Amino acid sequence: MSVKDYYGNEVNFETAAALMDDDIREQLHDQMAPCTEQEFFDAYAKAHAEKFDGEEFAPYYNLAW
């Protein structure tokens, strides 16, 4: 399954999910399920930046990963 990054590029959701912080991923799953992969991907990118002092989640912002 693919999702769109911030710039509209397709990203493999499963591959990106493997890079996600376990705590954030589990917390969002508990809060958001059921939801689409795109909704989850968008929410994860925001939560990642909040937890890691503004650090962008590479797969979401088309950065090297």
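Going by the structure above, here's the rest.
Keep in mind that this is a model prediction, so the values were computed, not measured. (Residues numbered from 1 in each chain as written. Predicted model: local features only at pLDDT ≥ 70, side-chain atom pairs only at ≥ 80, totals over all residues. Heavy atoms only, no water.)

**Things to note about the packing of aromatic side chains**
Evaluation of the coordinates by the stated rule reveals 8 aromatic pairs. Geometrically, the ring pair formed by Y6 and Y61 is tilted, given 5.2 Å between the ring centres and 40° between the ring planes. Residue Y6 is found in the loop between β1 (2–4) and β2 (10–12), and its partner Y61 is found in the segment after α3 (37–51); the two are separated by 55 residues along the sequence. Judged by its relative accessible area of 51%, Y6 is exposed. Here F13 and F40 contribute two aromatic rings whose centre-to-centre distance is 6.3 Å and whose plane-to-plane angle is 80°, an arrangement assigned as edge-to-face. One end of the pair, F13, is in helix α1 (residues 13–17); the other, F40, is in helix α3, and 27 residues separate them in sequence. Across the pair, exposure class does not vary: F13 and F40 are buried alike. (Phe/Tyr/Trp six-rings, centres within 6.5 Å; stacked < 30°, edge-to-face > 60°. Helix = DSSP H or I, 4+ residues; strand = E, 2+ residues; numbered from the N terminus. Buried < 20%, exposed > 50% of the residue type's maximum accessible area, 1.4 Å probe, protein only.)

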